[in-house]
Amino acid sequence: MGNFRVIIWLTLFCVSTTTLVSAQSLSYQPPPEKVKIKSTGVWFGLYTKYHFNDKWAYYGEYHIRRRNGFKDMAQLYLRFGVTYTLAKYADLTVGIVNPYYWAPDQDDPDLDNVVPQFRTWEQLVFATPFDHIKLYHQLRFEQRYKRDYEKGSDFKLTHRFRYKITLYVPLNKPAFENHTLFLSFYEEIFIQAGESVIYNHLEDNRTYLGLGYNLSEKLQVQAGYMYSFRHFGAPHVYENRSIFRLSLYHHLDFHLDKHREKRDIPIH
């Protein structure tokens, strides 16, 4: 009788195991192949930094971003902050961001044409001083309240962490001063987290190469090409973006002490 029970249990185990494996085989689907989408854009940016004294400054970024080349509006991007100088080569900034996103399909009645976001942000920028080049490290943290384009969708909190390394190399002069032409390069990585972030934790990777010119101690212009690689709506879909960037940097110092040390340019 004992042997008979053992045989029954072994039979039931084999049947259940076979059924489970068969069910898994039927439900298993191979992952889709990687899909790459190419897009283009044009971004215009104004960067401001206004010093009130040796320690405190107002920081602002204002961007107009277009996609499909110059054809369609993509974003209006407004960033405000207060900067505190920790040391000669280290700044700490905190503030708010209010970007607006244009839906890709402006004719869809179920979508809002323009959707706002609300963010707070913190940033640490420090420089590695060299004689003839400028090397900056930027750590930026953002708390983003964002929603989908669908009408009536709720705002959800996500977090984003960014690291950017920027290199400036003077071309026509040994150091940075007025009328210096320079090479500009940066690499920036975006990582995001939150309950609504499922697969695209590595949100974006941007590489930029351009030329800059110091018009004066207060004004600088840069133009260049940025390549971006990121997820696009699904785990197996990626977007390759080619973006032309034109940026203007404006700096003012309201601290009128003539004996103060000149600030480095380019102003970051």
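Draft legend 1. Region of interest: the pattern of salt bridges. Applying the stated rule across the entire model yields 15 salt bridges. Between R144 and E203 there is a salt bridge, and its shortest N-O distance comes to 3.4 Å. Placement of R144 in strand β8 (residues 134–146) and of E203 in strand β11 (residues 202–214) is noted, with a sequence separation of 59 residues between them. As far as burial versus exposure is concerned, R144 and E203 are alike and both buried. For the salt bridge of E239 with R230, the shortest nitrogen-to-oxygen distance reads 2.9 Å. What makes R230 partly exposed here is its relative accessible area of 27%. Within this structure, E61, R79, R119, R140, E142, R144, R160, R162, E188 and E203 form a network of salt bridges that share partners.

Draft legend 2. Main features of the packing of aromatic side chains. Taken as a whole, this structure holds 15 aromatic pairs when the rule is applied. Seen in terms of ring centroids, F44 and F70 are 6.1 Å apart; in terms of plane orientation they differ by 80°. Their pairing is edge-to-face. In this pair, F44 sits in strand β1 (residues 35–51) while F70 sits in the loop between β2 (56–67) and β3 (72–87), placing the two residues 26 residues apart along the sequence. Taken together, a centroid distance of 5.6 Å and an interplanar angle of 70° make the contact between F176 and F182 edge-to-face. Residue classification places F182 among the buried positions, given a relative accessible area of 0%. An aromatic cluster of three or more residues is present, and its members are Y50, F52, Y58 and F254. Sitting over the ring of W43, R65 keeps its end group 4.0 Å from the ring centre.

Draft legend 3. Quick peek at the pairing of β11. For strand β10 (residues 181–193) and β11, the ladder comprises 11 bridges, and the chain directions are antiparallel. Residue pairing in the sheet places L181 in a bridge with Y213 of β11. With 11 bridges connecting them, β11 and strand β12 (residues 219–231) associate as antiparallel partners. Within the sheet, the bridge partner assigned to G212 lies in β12 and is Q222. Hairpin connection between β11 and β12: a loop of four residues separates the two successive antiparallel strands.

Procedures and definitions
- Residues numbered from 1 in each chain as written.
- Predicted model: local features only at pLDDT ≥ 70, side-chain atom pairs only at ≥ 80, totals over all residues.
- Heavy atoms only, no water.
- Salt bridge = Lys/Arg side-chain N within 4 Å of Asp/Glu carboxyl O.
- Helix = DSSP H or I, 4+ residues; strand = E, 2+ residues; numbered from the N terminus.
- Buried < 20%, exposed > 50% of the residue type's maximum accessible area, 1.4 Å probe, protein only.
- Phe/Tyr/Trp six-rings, centres within 6.5 Å; stacked < 30°, edge-to-face > 60°.
- Lys NZ or Arg CZ within 6 Å of the ring centre and 35° of its normal.
- Pairing = 2+ DSSP bridges.

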